[in-house]
Every structure is written in C-alpha cells, then in structure tokens.
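Structural features, examined
Here are the chains, one letter per residue:
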Amino acid sequence: MGAARASGAARAAGVAALALAVTAGTIGTAGAVGAAPDGDGDARRPGVNRLEGVWRTDGYGTVVEIHGTAFTTYDVTRISCTPGFYSGAQVGAPGRDGTVRYGQSGKAYASFSLTPRGHDRAVYKEDGAASARDLTRLPGGLPAQCRQPAPQDALAAFDRFWATFDENYPFFAAKGVDWRAKGAQARAGITPRTSPDDLQKILVGLLEPLGDGHTALGRKRPGGGYDGVFAGLRPGTAEPTDEVREQAARAVAAQLLGPEQLFGRGLLGVGELPGGIGYLRVSAFDGYVEDGPYQEHAAELDKALDLLLAHPERLNGVVVDLRLNGGGSDELGLRIASRLTDRPFLAYRKVARNDPADPARFTRPQPSVVRPAAGTTRYTGPVALLTAGSTVSAGETFTQAMAERRPAPVRIGENTQGVFSDTMFKPVSADFVAVLPNEKFLTRSGSTYDGPGIPPNVRTPVFTPEELAQGRDSALTEARGLLAAGSTGATDATDAADAADATGVTAATEATDAAEATRTAVSTAAAGAGAR
C-alpha cells in the first residue's frame, strides 16, 4: 500500500528510479475471492486472523483482500479495479489484540501491520510511517469489477492513469493545472494504433506541467521490475550529480576538525566543527542497511546519534545538514527530533484526499507528536538546519517538525523541494506504473509548504558552481557563525507566531480530531458502501 519514498541514492533521476528497481515481483495479482468474515465465536481468540475478508481504505484508492495468510491489494477508481502494486504474506501468528504482521512478497521480514477495531473497522500501519490508515470491511467481498481482467489497450490505460490522478492528487488548483481540460485534449490523440512509446509521451506530457517531485512514471522492463522514464521536479531546481556530491563533501570536510565518521552505508555522517559544535549529515532517511526491516534502519541511526550526543553538555550547538537528502521514512526524522528535545511537541498533522469527486475532502487529521527519547542522551540547545532544493520529502517533514521545537532551529540555505506526501505506486497498464502524492502535511495553522517548500530564515548559496570551484560552503560557515554568536532563535514572524506551548497545542489537536471523527466515519462508510 506503500508509503514508499525514494532514497538519496535512488533519486539519481528525480523521485528517482522510483525505488522501482527494488520492487520487482511485488505487484499483486488477482487472488481468490475473500472468504466470509470470521464468526463471532472466533473473534476474540488469540491466534485467529480476525481480518479475513475484504477491506477498503479511507482515501488512497485501495481495496485490500486478506485470504488465509495472503495479503493482496487492488487499485480502484470510479471506472476501474486492477491488481495493486503490493502483495505480501502473513509473518507469525496474530497477536492477542488481533494484530497481524505482514511482509512484502519476496521479503523474509514483516514491514507493516493490520489491527482490527471491532468487526468492521481496521487500521493499517507501515513501519517507518508517521501515520496510520483506516479501513472499512466490504461485506459483499471483493467487488465484481476486481474479479475481471482489466482491458490493456492504450485508451483504457490512459483513462485509468487520468482517473487515478483526478481522484487522488491534491494540488491541481495550487499548480494552476486544469486536469480535466488537459486530459480531454490528450485523450483525443489516442487511437487503436497508439503504441506504448506514444502513450508514454502522452502521459509524460500530462505530468510535466505539475512540476511535482513526487510524480513519476515507470515502465516495465522485459526482465521484470520498472525503469523510471519520467520524474517531476519543481522548476528551477536540478538533481545534484555525483560530481556535485563529491565536491560538496570536500567543501564540508574543509570545515570539520576531522573526517566524518560514517554510518548507514555512508548516508549518515557525524563530525565536529570548531567551537564545540556537532555536525550531523543526513543524506537520506532510509537505505541504512542493504535489506532489512525498519528496526534495523532505526538502530543504525541511533548509532550515529549516540556518537553525536555522547556528551551533550559539551555541545555549543548542532548543525543538521539536509541539503542532499532524498527522503525516506518520516518516522526516522521524528526519531532524530526526539533526541533534540526535553518536552513533547506537535510535529505536524497529516490528511489524505478521500473523496474522488471532491478535491476539498480529506481524511481526519492525524497528529504526529515528537516525544523526548527515553533512556538515552538528549540535546536541547541551539540547532541549525541546512536545507536546499535537494532537501526532499522526509527531509522536509523533518524540517517542518523541527520548526515546532523550542528553541526553534535556524534554517539556512534555500527553500526545500516542496513535496511532503507519501507516494502511491499505481499500475495503470501492463507497461506503466504511475507515482503520485495524495496527502498534505499541515502546519499548526492548517497550511502546507507543498509547492514552494519550506523557506530558510537565512538565505545563502548552496553548492553552486562558483562555491564548489572555490571549495566554499557559505551555508555551513553561516551556521557556525550564528551558533557561535548564540543567535539562532526564530527569525521570522511565522516562527514567532507559532511559539505556543506544545502541550496545549497537542490537546487542542486531539479535541479537533475527536470533533471530526463522526463526519469521517460517515464518509468512510459511504466510501465503503460505494465500492467501485
């Protein structure tokens, strides 16, 4: 169901090879029709899978079938139902509360869980995601449309692609894109002779005007898996090349007192700057182990944080360098934040589009709260965050979360990329898979930074040709100066206005969520009843 993100390494071509290379063989295939729901006599017995049956997510356009130990997804729009991108199998026995752990096909470890909430509701939680998804049981089992082979001609593939974006993408108005008009114009050019190459050009032509780094198109490889054939990007930004990364590393190293100590396959670096300032480079929020569960990635991150914060009382400041961060797990970002605070604070609230016909309708906001890490060292002094247009996705949600920390970090560099949502992978034909966002990460005031990204408090050049040619790193130099001078507090009106007590904010958020629960339940039930 996939809160999939592109890693720093994988972003070599935008959202990047879409993590497509590592997903070969994970596309779900139509399975047997779900069995009847378990009887009440078994509903509370440990070891019994109370999730047997068919479920629909609130938002995300997904139907989930649980049959025996198999987990199968289907992607649904108003006009189609096709096998989804993810399938998997149960790992271990159900827990006493009915929770069942599942792993993706081809993986030996679990990566997500489903927990029943009564007979007709359930919650899906992916390891490393900062939120959960609500599911409602479909009493009629798998919709009939999902049992039929989907047509694979170019026009049918186009219609599924267009409908997938129309029903899920939240930012058409913000991007100034008339999706219906552009869709009608593109559709008129499709004929029975339209080849896969022709269709690819048509689909890419629809995606390009969005300028969205969380949109992409993948094409099936003859040997399995997908190649990224298009990845969006905000106009005016460019993907850093390997040469830029190497030059940037040298520019940073010139200011460190010694070599970085590397963790997470080189994606994490810990160093020391003059004046008792710690340095943490985070080039991705995943990929820290070659292939392993979220817990192993978290353990590798903890090693880096343990070194950085071995003696927090000796630190006069910490620089967190996110400038070449390609994203990953939001939860890992919150894990860092939990080591940089001594009181809880609201990181953000997350919503997803959940009404195909109304782009203004979203799921109930789910708050993510940073809580001080227990049983380990923490640092509560001044922090500087280095950001750029190549700070993407989870790198941005971490930046957004840290804006609520007190004292607030100073942001130095450039605007982040402006893409926050988890990405959905939606096969639209035997040849193509579409990648798109459907969520918003809300600030306390209810706004988002999607599109323009999070601006810096202090704007500096970031790894420009001129800077790199001279071995300079103005952003890091600026951070050192501000930390040494003790002037890293909130520097703009927004930060100052957001300085309310975090405990009160969290309580208010929970009250708002409770007030919205009834409306959401009605919407969810209606969505389930109207399975397409």
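Everything below is about the structure printed above this text.
Here goes a summary of the coordinates provided. (Residues numbered from 1 in each chain as written. Predicted model: local features only at pLDDT ≥ 70, side-chain atom pairs only at ≥ 80, totals over all residues. Heavy atoms only, no water.)

**Quick notes on the overall build of the chain**
Short version of the rule: Secondary structure is summarised from DSSP: a helix means a run of H or I of at least four residues, a strand means a run of E of at least two, and numbering begins at the N terminus for each. Methods summary: accessible areas were calculated by the Shrake-Rupley approach with a probe of 1.4 Å, and residue burial reflects only the protein chains presented.
For the chain, the count of helices and strands is twelve helices and 22 strands. A total of about 20,600 Å² of accessible surface is found on the chain, and carbon and sulfur atoms cover 54% of it.

**Quick notes on the sheet that holds strand E9 (residues 216–220)**
Selection criterion: Two strands qualify as a pair provided DSSP detects at least 2 bridges between them. A fitted line through C-alpha atoms serves as each axis, taken over the contacting stretch for helices, and the angle formed by two N-to-C directions is quoted from 0 to 180°. Should any heavy atoms of two residues lie within 4.5 Å, those residues are counted as being in contact.
Spatial ordering of the open sheet is given by E10-E9-E20-E19, a layout of four strands whose pairing is antiparallel. In the strand order of this sheet, the two ends are held by strand E10 (226–231) and strand E19 (423–427), each with one partner. On average, each strand axis in the sheet is tilted by 25° relative to the strand beside it, whichever way the strands run. Strand contacts of helix H1 (residues 154–168): E9, E19 and strand E20 (432–437), with the helix running at about 10° to E20, the strand carrying the most contacts. With respect to the sheet, helix H4 (residues 196–207) is in contact with E9, E10 and E20, its orientation differing from that of E9 by roughly 165°.

**Structural notes on the pairing of strand E8 (residues 132–137)**
Counted only if it meets this: Each residue gets one of three labels from its accessible area relative to the maximum for its type: buried under 20%, exposed over 50%, partly exposed in between, using a 1.4 Å probe on protein chains only.
With five of its six residues buried, E8 lies for the most part within the structure. Alignment of strand E1 (residues 53–57) against E8, held across three bridges, turns out to be antiparallel. Bridging across to E8, Thr 57 finds its partner in Leu 135. Two elements, strand E7 (residues 121–126) and E8, share five bridges in a ladder whose sense is antiparallel. Opposite Lys 125, over in E8, you have Ala 132 as the bridge partner. In sequence, E7 turns back onto E8 through a hairpin of five residues, with Gly 128 there showing a positive phi of about 90°.

**Focus on unusual backbone geometry**
A cis amide bond, omega 5°, links Arg 406 with the succeeding residue Pro 407. Residue Tyr 60 is not a glycine yet carries a positive backbone phi of 75°. On the secondary structure map, Tyr 60 appears in the loop between E1 and strand E2 (62–67). At Arg 265, a position not held by glycine, the phi torsion is positive, near 60°. Structurally, Arg 265 can be placed in the loop between strand E11 (261–263) and strand E12 (268–273).

**Side note on the packing of aromatic side chains**
Here is the rule: Between 30 and 60 degrees the pair is tilted, below 30 it is stacked and above 60 it is edge-to-face, where a pair is any two Phe, Tyr or Trp rings, Trp via its six-membered ring, whose centres lie within 6.5 Å.
Within the structure shown, the criterion is met by 16 aromatic pairs. Ring geometry for Phe 85 and Tyr 226: centres 6.1 Å apart, planes at 45°, overall tilted. Residue Phe 85 is found in strand E4 (residues 81–90), and its partner Tyr 226 is found in strand E10; the two are separated by 141 residues along the sequence. Of the two residues, Phe 85 and Tyr 226, both sit in the buried class. For the ring pair Phe 161 and Trp 179, a centre distance of 6.4 Å and an interplane angle of 45° mean the geometry is tilted. In this pair, Phe 161 sits in helix H1 while Trp 179 sits in helix H3 (residues 179–187), placing the two residues 18 residues apart along the sequence. In terms of burial, Phe 161 and Trp 179 fall into one category: buried. An aromatic cluster of at least three residues, connected via ring pairs, comprises Phe 161, Phe 165, Tyr 169, Phe 171, Phe 172 and Trp 179.

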